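What follows is the residue order along each chain.
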Amino acid sequence: MSAQQLKIDDTTLFDNLDDRQLEFGGQVDGDAYQFAVQYSVLEALSGSQPDGDAEERFRRYRDPIAQAALAALAKGPDRPIIVISENDLDREDQA
């Protein structure tokens, strides 16, 4: 059985400044989901808070964010938006 993969739709990227998260749509195994990656995740990956460059950081750290999105999705795929938090990051990659 192959591992799940997230296909991110780059045309759906939306920087939600009010909620401090970058939102995007994607597909996993043919099913569509809405995701939101918290700014704290972008900060944990890059070492500083996003300052008008959340989309750029998202693109730079796309692979670890996609893995974190799958971890967040596994916690409950029935939510209207899957929020990716620091808890969803693979800490082994951060060591």
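Residues numbered from 1 in each chain as written. Predicted model: local features only at pLDDT ≥ 70, side-chain atom pairs only at ≥ 80, totals over all residues. Heavy atoms only, no water.

Participant: Break down the sheet that holds strand β3 (residues 31–38) for me, citing the residues and quoting the values.
Facilitator: Think of a sheet as strands paired side by side through backbone hydrogen bonds, with each pair either parallel or antiparallel. If you walk across this open sheet you meet the four strands as β1-β2-β3-β4, and the pairing is mixed. Single-partner strands in this sheet number two, and they are β1 (6–16) and β4 (82–84). Neighbour to neighbour, the strand axes of the sheet diverge by 25° on average, direction disregarded. The pairing of β1 with strand β2 (residues 21–28) spans seven bridges and is classified as antiparallel. In the strand pairing of β2, K7 is matched with Q27. (Pairing = 2+ DSSP bridges. Helix = DSSP H or I, 4+ residues; strand = E, 2+ residues; numbered from the N terminus. Axes fitted to C-alpha atoms, helices over the stretch in contact; angles between N-to-C directions.)

Participant: Give a detailed account of the nonpolar core, specifying residues and quantitative values.
Facilitator: Counting 26 residues, the largest nonpolar core has L6, F24, F35, V37, F58, I65 and I84 as its most contacted members. Elements represented by at least two residues in this core include exactly β1, β2, β3, α1 (39–46), α2 (54–60), α3 (62–74) and β4. At seven residues, the largest contribution of residues to this core is made by α3. Excluding anything up to four places from it in sequence, L6 contacts F24, G26, Q27, V28, F35, A66, A69 and L70. (Core = buried A, V, L, I, M, F, W, Y, C linked by side-chain atoms within 4.5 Å. Buried < 20%, exposed > 50% of the residue type's maximum accessible area, 1.4 Å probe, protein only. Contact = heavy atoms within 4.5 Å.)

Participant: Describe the side chain of Q21, and please don't skip the residues or the numbers.
Facilitator: Take Q21: it is sitting in strand β2. The class for Q21 is buried, based on a relative accessible area of 11%. Once you skip the residues sitting within four places of it in the chain, Q21 turns out to touch F14, D15, N16, A36, V37, Q38 and Y39.

Participant: Please give an account of the side chain of N16 that cites residues and values.
Facilitator: Examined against the element boundaries, N16 turns out to sit in strand β1. Non-local contacts of N16, meaning those with residues more than four positions away in its chain, are made with Q21, E23 and Y39.

Participant: Kindly report on unusual backbone geometry, identifying the contributing residues and their values.
Facilitator: One non-glycine residue, R20, lies in the positive phi region at around 55°. On the secondary structure map, R20 appears in the loop between β1 and β2. Given a relative accessible area of 40%, R20 falls into the partly exposed group. You will see that D29, though not glycine, has its phi angle at about 50°, which is positive. By the secondary structure assignment, D29 is in the loop between β2 and β3. Residue classification places D29 among the exposed positions, given a relative accessible area of 60%.

Don't take any of this as a statement about function, it's just geometry.
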